[in-house]
Amino acid sequence: MVVLDHVDKWFGDLHVLQDITLSIKRGEVVVVIGPSGSGKSTLCRAINRLETIDKGTISLDGQPLPAEGKALAHLRAEVGMVFQSFNLFAHKTILENVTLGPIKVRGLPKDQAEAKATELLERVGVGHQAAKYPAQLSGGQQQRVAIARALAMEPKVMLFDEPTSALDPEMIKEVLDVMVDLAQGGMTMVVVTHEMGFARTAANRVIFMADGQIVEENTPEEFFTRPTSDRAKDFLGKILKH
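A brief structural summary. All of these numbers come straight from a predicted model, not from anything done at the bench. (Residues numbered from 1 in each chain as written. Predicted model: local features only at pLDDT ≥ 70, side-chain atom pairs only at ≥ 80, totals over all residues. Heavy atoms only, no water.)

With respect to the overall build of the protein chain
For the protein chain, the count of helices and strands is nine helices and ten strands. The C-alpha radius of gyration of the protein chain comes to 18 Å, within 12% of the 18 Å expected for a compact globule of 242 residues. When the backbone C-alpha atoms are referred to their principal axes, the protein chain occupies close to 55 × 40 × 30 Å. Buried positions account for 51% of the 242 residues belonging to the protein chain. Accessible area for the protein chain stands at about 11400 Å²; split by element, carbon and sulfur atoms hold 51% of it. Across the protein chain, the mean location of the 27 positive side-chain charges is 3 Å away from that of the 31 negative side-chain charges. (Helix = DSSP H or I, 4+ residues; strand = E, 2+ residues; numbered from the N terminus. Rg over C-alpha atoms; globule rule 2.2 N^0.38 Å. Buried < 20%, exposed > 50% of the residue type's maximum accessible area, 1.4 Å probe, protein only. Areas by Shrake-Rupley, 256 points an atom, 1.4 Å probe, with all protein chains shown as cover. Lys, Arg positive; Asp, Glu negative; His and termini not counted. Charge placed at Lys NZ, Arg CZ, Asp CG, Glu CD.)

What about the packing of aromatic side chains?
Per the stated rule, a full pass over the model turns up three aromatic pairs. Centre to centre, the rings of Phe223 and Phe224 are 5.3 Å apart; their planes meet at 80 degrees, and the pair counts as edge-to-face. The buried category is assigned to Phe224, whose relative accessible area is 8%. (Phe/Tyr/Trp six-rings, centres within 6.5 Å; stacked < 30°, edge-to-face > 60°.)

Regarding the nonpolar core
By size, the foremost hydrophobic cluster in this structure holds 50 residues, and its most contacted members are Ile33, Leu121, Ile147, Met158, Phe160, Met179 and Met189. Take this core: its biggest share by element is eight residues, from helix H6 (residues 169-184). Ignoring sequence-local partners within four residues, the contact set of Ile33 consists of Lys40, Thr193, Met196, Val206, Ile207, Phe208, Met209, Phe223, Phe224 and Phe235. Membership of the second largest hydrophobic core comes to 27 residues, among which are Val7, Ile20, Ile24 and Ile58. (Core = buried A, V, L, I, M, F, W, Y, C linked by side-chain atoms within 4.5 Å. Contact = heavy atoms within 4.5 Å.)

Considering the sheet that holds strand E1 (residues 2-11)
The four strands are arranged E2-E1-E4-E5 in an open sheet whose pairing can be described as antiparallel. The sheet is open, and its two edges are formed by strand E2 (14-24) and strand E5 (63-64), each paired on a single side. Bridge count for E1 against strand E4 (residues 55-60) is five bridges, and the pairing is antiparallel. Directly across from Val3, in E4, lies its bridge partner Ser59. (Pairing = 2+ DSSP bridges.)

Purely geometric numbers; function is a separate question.
Okay, here's the thing in structure tokens:
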């Protein structure tokens, strides 16, 4: 579904993605973990060209990523993205936030878009909040709305860039529960996260990055119990002690 082939990216002199080659199958849940500054978010953002790449190719569902223009906009509509910050439109209701894309981009009639949005908001547990504005919701609720908004476009792939890092601890579980539900439903997902519990339970594969490179990739069971690289052992030793 997603193929990165020898991808390189520089920010000035900083080589943030170094010869990344990665294939993600349809329905696979890939969790990307690693220390800060390892290139995880850049990798995630490159998949829908929020970050351009300097070398290599990225393709989605067999199609190379277009550089710009209508073709890129069309492709972006196929890729759902959920960020750290919820990026909801503050002046629009929750329902309007979720229907905007399907109406404007997909050309869905308003009544159909609203019916679908209502169903998705119910699915993520905030159906009763549809008439409210983002500021009236908790962070966890806003993030679940952001997930519903991405799903409303019927994406082929969902990208999550540290979706829980801006949330209070008690809100993290409610967002992760929605993500686990999605994963079990067969959605193709790439998740950059610090939530090791989610990586263990929901991932088909864990990618460990450090210094712009993929250092290790394995099943969650293998990675967490028998990491092979010193970098991964060091990283897990630090985070799993707390």
